[in-house]
Amino acid sequence: MALEYFEKFTQVEASAGELFDWHAKPSALERLTPPWENVKTVEPLPALRSGARTTLEVRTGLIKQRWTAELQNVEEGKQF
């Protein structure tokens, strides 16, 4: 199976360090996920570091899938 990649860029009025720290807090993904999305965290992200993985359960209608997301190219205080 071919791997798919997702990249998103957004301009925010905060420093990279402030944003990194906010996203490094526990349950950041849950705070970012809209309540109407059928996404459940099965295995939380242990830390914002390269190689860290999280498992999500995503439901679309009657179809339920598990997604694994892995962080790459993490630079503490700068990017993830």
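See the structure printed just above.
So, a few notes on the structure that sits alongside this text. (Residues numbered from 1 in each chain as written. Predicted model: local features only at pLDDT ≥ 70, side-chain atom pairs only at ≥ 80, totals over all residues. Heavy atoms only, no water.)

### Some details on the environment of Lys64
Now for step 1: Residue position: Lys64 is located in strand β3 (residues 63-70).
Now for step 2: Assessed through its relative accessible area of 46%, Lys64 is described here as partly exposed.
Now for step 3: In sequence terms Lys64 and Val39 are 25 residues apart; their C-alpha atoms lie 9.7 Å from each other.
Now for step 4: Lys64 has contacts with Glu57, Val58 and Arg59, leaving out every residue within four places of it along the chain. (Helix = DSSP H or I, 4+ residues; strand = E, 2+ residues; numbered from the N terminus. Buried < 20%, exposed > 50% of the residue type's maximum accessible area, 1.4 Å probe, protein only. Contact = heavy atoms within 4.5 Å.)

### Looking at the sheet that holds strand β1 (residues 39-43)
Now for step 1: The sheet built from three strands is open, its strands ordered β1-β2-β3 with antiparallel pairing. Unpaired on one side and paired on the other, β1 and β3 mark the two borders of the sheet. Across this sheet, the average inter-strand angle for adjacent strands is 30 degrees, counted without regard to direction.
Now for step 2: Both β1 and strand β2 (residues 53-60) contribute to a ladder of four bridges, which runs antiparallel. Looking across to β2, one finds that Val39 is bridged to Val58. (Pairing = 2+ DSSP bridges. Axes fitted to C-alpha atoms, helices over the stretch in contact; angles between N-to-C directions.)

### Regarding the pattern of salt bridges
Now for step 1: In this structure the tally under the stated criterion is two salt bridges.
Now for step 2: One salt bridge in this structure joins Arg53 and Glu70, with 2.9 Å as the shortest N-O distance. Taken together, the positions of Arg53 in strand β2 and Glu70 in strand β3 put the pair 17 residues apart, joining distant regions of the chain.
Now for step 3: For Glu70, a relative accessible area of 37% gives the class partly exposed.
Now for step 4: In this structure, the salt-bridge partner of Glu75 is Lys78, at a minimum N-O distance of 3.7 Å. (Salt bridge = Lys/Arg side-chain N within 4 Å of Asp/Glu carboxyl O.)

### Quick word on the pairing of β3
Now for step 1: With eight bridges connecting them, β2 and β3 associate as antiparallel partners. Looking at the pairing, Leu56 lines up with Trp67 of β3.

### Quick word on unusual backbone geometry
If a residue is not glycine, its phi is most likely negative; likewise, a peptide bond is most likely trans.
Now for step 1: Even without being a glycine, Ser27 presents a positive backbone phi close to 65 degrees.
Now for step 2: Among the secondary structure elements, Ser27 is positioned in the loop between α1 (16-24) and α2 (28-32).
Now for step 3: According to the relative accessible area criterion, Ser27 is partly exposed, its value standing at 44%.
Now for step 4: Positive phi, close to 55 degrees, is recorded for Asn73, a residue that is not glycine.

Nothing here speaks to function; it is all geometry.
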